[in-house]
Structures are given as C-alpha cells and as structure tokens.
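# Coordinate inspection notes
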Amino acid sequence: MASTACFMIVSRNDIPIYEAEVGTALKKEDAAHQHQFILHAALDIVQDLAWTTSAMFLKAIDRFNDLVVSVYVTAGHTRLMLLHDSRNDDGIKSFFQEVHELYIKILLNPLYLPGSRITSSHFDTKVRALARKYL
C-alpha cells in the first residue's frame, strides 16, 4: 500500500532545518509544495498546544483532506512534524522518538550550529530508514 508522508524539523524560531518526503506514494511535482504549506499552516496550532500540555507527542493536531499532521515537540521547542495518511499512532510515536535521538546526536556535534540547516547525508539516510521501518 502506498503511503504519503512528509517529515520536517522546525527550529524554535520557526525555520525549517530539515525536510524529507518519506512516503512510498508516487511523487507529484506540486505535492511537495502542498505538503510544506500544510505543515507550515499547522505551526500556529502547534505553538498553542505546546504551552497547554506537558506531552511531547501531539497526535493528530490538524487534518487536510485525508492527510493528518502529527507533531513531536522537544524540550528545546524544536518541532518534529509529520504529514501522513496512516493511522499507526504507535509507529509514528516510535518514529518521532528515534528521530529525536538522532537529532540530539546532531546537536552534540561540535561542528553543528544549533538552528542551522541539517545537511548530513548520514542523518537523511537514517531518517528515511526509520520512516520505512515505522510508517
């Protein structure tokens, strides 16, 4: 079964620092831009919800047609956002937790400037492998 998924990491200053289309569905040229737009539109909802709950994993916070936005907010208020069409909450939560661990490893790198774009091919490969595993 083909799935649609777009993953994005947004810094505390609302700057996207990592983006990846991780679904298995056929790629359409306009779909990537639409996915980015939906995720950016959900940032206001995330900002409101992040201050009202102590949970890091915010399940389905927004919907667009058959697509759902799920978010994981780190302690430093970095948002891991996933636009997907699946109903696998446990898999999505596991995906977020493992990507959060990878993100922490990036932050521990003395050559990485926090808030800058993540360009590591190793990080990208790991995120895509986790997406295949859990989504």
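In case you missed it, the structure is sitting above this.
Residues numbered from 1 in each chain as written. Predicted model: local features only at pLDDT ≥ 70, side-chain atom pairs only at ≥ 80, totals over all residues. Heavy atoms only, no water.

### Some remarks on the overall build of the chain
Assigned secondary structure in the chain consists of 4 helices and 5 strands. Its helices and strands taken in sequence order, the chain reads β-β-α-α-β-β-β-α-α from the N to the C terminus. If you line up the chain on its principal axes, its C-alpha atoms span 40 × 35 × 30 Å. By residue count, 41% of the 135 residues in the chain fall in the buried class. The long-range fraction of contacts in the chain, counting pairs at least 24 apart against all pairs at least 6 apart in sequence, stands at 54%. Carbon and sulfur atoms make up 53% of the accessible area of the chain, which totals about 7,900 Å². (Helix = DSSP H or I, 4+ residues; strand = E, 2+ residues; numbered from the N terminus. Buried < 20%, exposed > 50% of the residue type's maximum accessible area, 1.4 Å probe, protein only. Contact = heavy atoms within 4.5 Å. Areas by Shrake-Rupley, 256 points an atom, 1.4 Å probe, with all protein chains shown as cover.)

### Side note on the packing of aromatic side chains
What the rule picks out here adds up to 7 aromatic pairs. Look at Phe7 and Phe96: their rings are 6.5 Å apart centre to centre, the planes differ by 45°, and that puts the pair in the tilted class. Taken together, the positions of Phe7 in strand 1 (residues 5-10) and Phe96 in helix 3 (residues 89-107) put the pair 89 residues apart, joining distant regions of the chain. Since its relative accessible area comes to 0%, Phe7 is described here as buried. With relative accessibility at 0%, the residue Phe96 sits in the buried group. Ring centres of Phe95 and Phe96 lie 6.0 Å apart, and the angle between their planes is 50°; on these two criteria the pair is classed as tilted. A single burial state applies to Phe95 and to Phe96, both of which are buried. Members of the aromatic cluster, each reached through a chain of ring pairs, are Phe7, Tyr18, Phe57, Tyr72, Phe95, Phe96 and Phe123. (Phe/Tyr/Trp six-rings, centres within 6.5 Å; stacked < 30°, edge-to-face > 60°.)

### Here we look at the pattern of salt bridges
This structure, assessed with the given rule, holds 3 salt bridges. Asp14 is the salt-bridge partner of Arg79, the closest N and O atoms lying 2.6 Å from each other. Of the two residues, Arg79 is situated in strand 5 (residues 79-84) and Asp14 in the loop between strand 1 and strand 2 (16-21); the sequence distance between them amounts to 65 residues. Judged by relative accessible area, which is 7%, Arg79 ranks as buried. Arg128 serves as the salt-bridge partner of Asp124, at 3.1 Å between the closest nitrogen and oxygen. Of the two residues, Asp124 and Arg128 are both situated in helix 4 (residues 121-134); the distance of 4 residues between them amounts to about one turn of the helix. Residue Asp124 is classed as partly exposed on the basis of its relative accessible area, which comes to 24%. (Salt bridge = Lys/Arg side-chain N within 4 Å of Asp/Glu carboxyl O.)

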